[in-house]
Amino acid sequence: MTGGGAGGCWRRNSAGRGLGELPRWWWRRLRRRQQERILGLSLTMPTVEELYRNYGILADATEQVGQHKDSYQVILDGVKGGTKEKRLAAQFIPKFFKHFPELADSAINAQLDLCEDEDVSIRRQAIKELPQFATGENLPRVADILTQLLQTDDSAEFNLVNNALLSIFKMDAKGTLGGLFSQILQGEDIVRERAIKFLSTKLKTLPDEVLTKEVEELILTESKKVLEDVTGEEFVLFMKILSGLKSLQTVSGRQQLVELVAEQADLEQTFNPSDPDCVDRLLQCTRQAVPLFSKNVHSTRFVTYFCEQVLPNLSSLTTPVEGLDIQLEVLKLLAEMSSFCGDMEKLETNLRKLFDKLLEYMPLPPEEAENGENAGNEEPKLQFSYVECLLYSFHQLGRKLPDFLTAKLNAEKLKDFKIRLQYFARGLQVYIRQLRLALQGKTGEALKTEENKIKVVALKITNNINVLIKDLFHIPPSYKSTVTLSWKPVQKVELGQKRANEDTTSGSPPKKSTAGPKRDARQIYNPPSGKYSSNLGTFNYERSLQGK
């Protein structure tokens, strides 16, 4: 999916709502206009002088203003006049609106006519005054009208609509949300899109006294209705909205969000690696889930699904995103989640699947001919980025079954694995030395060149693998070392930082991030080509770690 479009596994019925589903106030307004045309009852068009005179009557009446219904009707009729009359009506109608509840429907319709005027200055004035109509039972209707007006292409008008919505939000958040979600669920696509973006960008600007617990509960309830039928982009925006709610930043709140994401990811369904939309859906959902995981909010369902459904099909994955290494993307996500996996029902089975996939990327050393040269033409290619992810995931899950390598594997398979580890470790030593030599003495700006950035990342990758391999060569294998995944920033814990005790774990994802690392920043380290075995010396991991 590019940019979160619909299609494939992402569902979104874009038909909008039919004519029969338009709100009642819209039909009343339409019937009024039809009656005027059919009966020829065009409203009297007052002059500018008449509008000012009737305004004066209402302004001077003070507490008795409600007794001058005829004067207010003259002002309402001003919407049928020329440009000057309409501009005055746009200002005068809202000023006395609250004094004439029996004319509320007519007044709102008149103002709405001005909001749709051909003259942009009249529209802007009418929109600016709309919040004054947002009283009592009229507020949801005004919110509904303003939400529809978000579809304007005039930037100044659009900003006025946004400001008006924020204004009535502070008057009655629940009523405003009613109008917004009504259009999100039933409105035209352009209105739906802009209403969702309004929520995703503006909610976070509202003070706590507006976004109360009850208001946040309403947002969650209505969002769940919308999430029954969304595009990928809409899903990401709603996760941004929900993850920003104060009430959902507790352990139980984040657990609710994880369950929402799991439902969107269809973790109960069989994975189809050949459907790029289904693959993209899983990745999008997992990216949203990763920042939510912690030692108290487990990733078990996702890790289990990846081990059982995705890893066996890794080489068959397809993606609509051009230039994305989909296999590496999946392995990175699995590695990030593995730190927070809880108790797994089929741990040994899934650990074996992970182990088998790791073996695919850890080759046996090439056979040597009698003269000591390699019998084959090429050295096996070592894919360090893939191995870092797989080895880290195996190391994390292996902690839960520490005797897997010694009790669950037969002696021959364990011997084969150690040969592969030994060979890979020897290659690591060469590349680590080369990288350190290349970066030696470089600081500041010199390290910011694209070439040196790649070398720095490569050094992180190789050092991580080096640490993890050392652990596995202990007798028995150890799972005590901790590393920070090469693409993750090193976390600095400040004193007093919230949830520091809960979520600060080496290699864990940052909890408050709203999106993962940029895709173009995730680079695969390709080691230098050429043979290296003749320069490796006699270093032996297993021998050096025995007895430690």
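Residues numbered from 1 in each chain as written. Predicted model: local features only at pLDDT ≥ 70, side-chain atom pairs only at ≥ 80, totals over all residues. Heavy atoms only, no water.

- The name an unreviewed UniProt entry gives the protein chain is Apoptosis inhibitor 5, with Trichechus manatus latirostris as the organism.
- Per UniProt, the comment on the protein chain under Subcellular location (unreviewed entry) is "Nucleus". (UniProt positions renumbered as here; feature names shortened; annotations may be inferred.)

### Quick word on the packing of helix α2 (residues 48-60) against helix α3 (residues 69-77)
Then comes step 1: Between α2 and α3, the shortest axis-to-axis distance is 9 Å and the interhelical angle comes to 145 degrees. Crossing of α2 against α3: the hand is left-handed. Side by side, α2 and α3 meet where Glu-50, Leu-51, Asn-54, Tyr-55, Ile-57 and Leu-58 of the first sit next to Ser-71, Tyr-72, Val-74 and Ile-75 of the second.
Then comes step 2: Among the residues making up the contact of α2 with α3, the classes are represented as seven nonpolar, two polar and one charged. (Axes fitted to C-alpha atoms, helices over the stretch in contact; angles between N-to-C directions. Helix = DSSP H or I, 4+ residues; strand = E, 2+ residues; numbered from the N terminus. Left-handed = near helix turned anticlockwise from the far one by under 90°. Contact = heavy atoms within 4.5 Å. Nonpolar A, V, L, I, M, F, W, Y, C, P; charged D, E, K, R; others polar.)

### Re the environment of Ser-393
Then comes step 1: The topology assignment puts Ser-393 in helix α18 (residues 384-398).
Then comes step 2: In this structure Ser-393 comes out as buried when scored by relative accessible area, which is 1%.
Then comes step 3: Linking Ser-393 and Leu-331, residues 62 residues apart in sequence, is a C-alpha distance of 8.6 Å.
Then comes step 4: Not counting chain neighbours up to four residues away, the residues in contact with Ser-393 comprise Leu-334, Ala-335, Ser-338 and Leu-354. (Buried < 20%, exposed > 50% of the residue type's maximum accessible area, 1.4 Å probe, protein only.)

### Points about the packing of aromatic side chains
Then comes step 1: Counted according to the given criterion, the structure contains 15 aromatic pairs.
Then comes step 2: Note on Tyr-72 and Phe-100: the rings are 4.5 Å apart at their centroids and 10 degrees apart in plane angle, and the pair reads as stacked. You can see Tyr-72 sitting in helix α3 and its partner Phe-100 sitting in the loop between α4 (83-95) and α5 (104-115), a full 28 residues away along the chain. Each member of the pair, Tyr-72 together with Phe-100, is buried. (Phe/Tyr/Trp six-rings, centres within 6.5 Å; stacked < 30°, edge-to-face > 60°.)

### Focus: unusual backbone geometry
Then comes step 1: Cis geometry is found at the peptide bond from Ile-475 to Pro-476, where omega equals -5 degrees.
Then comes step 2: With respect to the helices, strands and loops of the structure, Pro-476 is situated in the loop between α21 (450-473) and α22 (500-503).
Then comes step 3: Residue Thr-62 is not a glycine yet carries a positive backbone phi of 45 degrees.
Then comes step 4: Mapped onto the elements, Thr-62 comes out in the loop between α2 and α3.
Then comes step 5: For Thr-62, a relative accessible area of 54% corresponds to the exposed category.
Then comes step 6: In the Ramachandran plot, Asp-266 falls in the positive-phi region, its phi being about 55 degrees despite a non-glycine side chain.

### Concerning the state of the cysteines
Then comes step 1: Inspection of the entire model under this criterion finds zero disulfides.
Then comes step 2: Of all cysteine sulfurs in the structure, the one in Cys-341 sits closest to Cys-307, which takes part in no disulfide; the separation is 7.6 Å. (Disulfide = S-S within 2.5 Å.)

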